[in-house]
Amino acid sequence: MQLCHVDRPAFAQLGHHYAVFSLLSELSHFYPDIERWSASKVLPGLLDDTRKILVEQDAGGVRGFAILKRGVVERKICTIWVRPDLRCQGLGQSLITQSQEWLQCVRPMLTVPEESLSTFRGLLASSDFKLNEVVEGYYRPGKKEYIFNGALLSASERAVLQ
Ligand SMILES: CC(C)(COP(=O)(O)OP(=O)(O)OC[C@H]1O[C@@H](n2cnc3c(N)ncnc32)[C@H](O)[C@@H]1OP(=O)(O)O)[C@@H](O)C(=O)NCCC(=O)NCCS
């Protein structure tokens, strides 16, 4: 992953988050733009406190993480991930609870790719997250994204805001 344009103080503050950044490529099949997004949006957000990365790790490395956005109009769990061999042990629930606390929001927005929906079902039901819309082709042609607790920007709004 390319972080070469990040200046030295910013890089130093990454600390243990670097392990998460290097894992994000694992999600690039769901979000092809994820590495550019992490460098251009997440990293500056960590520095100005509008973003947070929750990391669960042990000597074996990262067990799970959540990337959060606490904006003026949007409270969002941008990404949540638990290592496959550690799933169904409550780690995802713990990350959701910590996310709700930092975001100060019981129902933060979360979007789920169609391939991952089955892994999220129990967690989303127990957290009382509400499915608001299903959008096809937003991140990848022909693939559905399930939007909980909010709505995605329209293509024209995206063009303006990005
Ligand atoms: C969704 C995800 C985060 C869930 O993580 P997890 O650690 O498995 O979540 P939990 O263990 O808290 O809960 C999962 C299930 O285990 C159950 N569970 C929780 N603790 C448990 C325990 N101690 N014993 C048995 N079952 C337990 C939960 O009730 C839940 O029920 P379900 O089987 O009906 O779904 C994980 O599957 C994942 O990373 N999926 C892919 C993520 C992804 O695609 N991210 C990109 C888009 S954001």
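Residues numbered from 1 in each chain as written. Predicted model: local features only at pLDDT ≥ 70, side-chain atom pairs only at ≥ 80, totals over all residues.

1. Describing the pairing of strand 1 (residues 51–58)
Turning to step 1, where the next piece is worked out: Examined bridge by bridge, strand 1 and strand 2 (residues 61–70) share eight bridges and lie antiparallel to one another. Its bridge partner being in strand 2, Glu56 is matched across the sheet by Gly64. (Pairing = 2+ DSSP bridges. Helix = DSSP H or I, 4+ residues; strand = E, 2+ residues; numbered from the N terminus.)

2. A closer look at the sheet that holds strand 3 (residues 75–82)
Picture the strands of a sheet paired through backbone hydrogen bonds; they go either parallel or antiparallel.
Turning to step 1, where the next piece is worked out: Strand order in the open sheet formed by six strands is 1-2-3-4-6-5, with mixed pairing between adjacent strands. A single partner strand is all that each edge strand has here, and the edge strands are strand 1 and strand 5 (131–136). Across the sheet, the mean angle separating the axes of adjacent strands is 20° when strand polarity is ignored.
Turning to step 2, where the next piece is worked out: Contacting strand 1 and strand 2, helix 3 (residues 34–47) runs over the sheet at an angle of about 95° to strand 1.
Turning to step 3, where the next piece is worked out: Along the sheet, helix 4 (residues 91–103) makes contact with strand 1, strand 2 and strand 3, crossing strand 2 at roughly 30°. (Axes fitted to C-alpha atoms, helices over the stretch in contact; angles between N-to-C directions. Contact = placed C-beta atoms within 7 Å.)

3. Considerations on helix 5 (residues 117–126)
Turning to step 1, where the next piece is worked out: With one of ten residues buried, helix 5 is to be regarded as a mostly surface element.
Turning to step 2, where the next piece is worked out: Note on helix 5: the residue one or two positions beyond its end, Asp128, has a positive phi of about 60°. (Buried ≥ 20, exposed ≤ 12 C-beta atoms within 10 Å, placed from the backbone.)

4. Let's talk about the nonpolar core
Most often, soluble globular proteins have nonpolar side chains that are buried together.
Turning to step 1, where the next piece is worked out: Counting 23 residues, the largest nonpolar core has Leu54, Phe65, Ala66, Ile67, Leu68 and Ile77 as the members making the most contacts within it.
Turning to step 2, where the next piece is worked out: Contributing elements (two or more residues each) for this core: helix 2 (17–23), helix 3, strand 1, strand 2, strand 3, helix 4 and strand 4 (109–113).
Turning to step 3, where the next piece is worked out: Broken down by element, the residue count for this core peaks at four residues, all from strand 2.
Turning to step 4, where the next piece is worked out: Not counting residues up to four positions away in its chain, the partners in contact with Ile77 are Ala66, Leu68, Ser99, Pro108 and Leu110. (Core = buried A, V, L, I, M, F, W, Y, C linked by C-beta atoms within 7 Å.)

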